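Report on the structure
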Amino acid sequence: LKTPPQGLATAASAAMAPSELPSEPEVGICEFLSPEVPGFSGRFKDRWNDFHVHEVDASGTVLHLSELITPGAVAAELKHAAEERREARSGLGPTFAFEEAAEA
């Protein structure tokens with residue numbers, strides 16, 4: 001097997017055979033800071049657990065993820081909030097008009 005090109009690692013690359021990975025020029029890398037330094041190959045942060053972190057607040061308490069918010073959950077919450085606003089406005093009656101915001 002051919003070793004993966006140096007400097008390339010993505011979540012998608014984990015599922016690709018090393019011979020299928022694009023080369024640096026193919027992804028727009030055409031210069032290096034120190035071209036005289038030999039490179040290396042391997043995987044670098046290409047799995048989800050490579051990005052697992054523990055947040056620590058100012059007092060040193062480790063914070064833990066207690067809820068996973070997905071894009072679908074955010075969209076559902078936004079839709080629900082919009083429906084509540086529509087219901088509230090319809091309850092005000094057809095003659096209600098919003099006042100202009102006062103300038104500070």
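Cut-offs and rules
- Along each chain, residue indices are assigned from 1 in the same order as the chain's sequence is written.
- It should be noted that, the model being predicted, local features are given only for residues of pLDDT at least 70 and side-chain atom pairs only at 80 or more, the latter also being counted only at that level, while totals for whole chains, interfaces and linings use all residues.
- Side-chain numbers come from the whole structure's heavy atoms, not from hydrogens or water.
- Segments assigned H or I by DSSP are reported as helices when at least four residues long, segments assigned E as strands when at least two residues long, and all are numbered from the N terminus.
- Throughout this description, buried means an accessible area under 20% of the type-specific maximum (1.4 Å probe, protein chains only), exposed means over 50%, and partly exposed covers the range between.
- For the accessible areas, the method is Shrake-Rupley and the probe is 1.4 Å, while residue cover comes only from the protein chains on display.
- Values of pLDDT, the confidence the predictor places in each residue, fall between 0 and 100.
- Working rule for contacts: check all heavy atoms of both residues, and any pair within 4.5 Å makes them a contact.
- By definition, no residue in a patch forms a salt bridge, and every one has over 30% relative accessible area; like charges are joined within 9 Å, nonpolar side chains (Val, Leu, Ile, Met, Phe, Trp, Tyr) within 5 Å.
- Salt bridge criterion: a side-chain nitrogen from Lys or Arg within 4 Å of a carboxyl oxygen from Asp or Glu.
- This count recognises Lys and Arg as positive and Asp and Glu as negative, with His and chain-terminal groups excluded.
- Where a charge lies is defined by one atom per residue type, namely NZ (Lys), CZ (Arg), CG (Asp) and CD (Glu).
- Take the number of residues in a helix, subtract one, and multiply by 1.5 Å to get its expected span.

**A look at the overall build of the protein chain**
Within the protein chain one finds one helix and two strands. Ordered by position from N to C terminus, the α and β elements of the protein chain give β-β-α. Sorting the 104 residues of the protein chain into buried and exposed places 8% on the buried side. With the model as given, the accessible surface of the protein chain reaches about 9500 Å², and the carbon-plus-sulfur share is 59%.

**Focus: the confidence of the model for the protein chain**
In the predicted model, the protein chain carries a mean pLDDT of 78, and 79% of its residues have values of at least 70. Note that residues 1–11 has pLDDT below 50 and, in this model, 28 contacts with residues that lie over four places away or in other chains.

**Re a nonpolar patch on the surface**
Taken together, the side chains of I69, V74 and L78 define a hydrophobic patch exposed on the protein surface, amounting to about 290 Å² of accessible area. Along the chain, L78 turns up in helix α1 (residues 71–91). For L78, a relative accessible area of 56% gives the class exposed.

**What about a negative patch on the surface?**
On the surface, E77, E83, E84 and E87 cluster together to form a negatively charged patch. Along the chain, E84 turns up in helix α1.

**Focus: α1**
In this model α1 runs 30 Å from its N-terminal to its C-terminal C-alpha over 21 residues, within 8% of the 30 Å that 1.5 Å per residue would give. Among the residues trailing α1, G93 stands out with phi positive, at a value near 95°.

**Structural notes on a positive patch on the surface**
A cluster of basic side chains, namely K79, R85, R86 and R89, defines a positive patch on the protein surface. Among the secondary structure elements, R89 is positioned in helix α1. For R89, a relative accessible area of 47% puts it in the partly exposed group.

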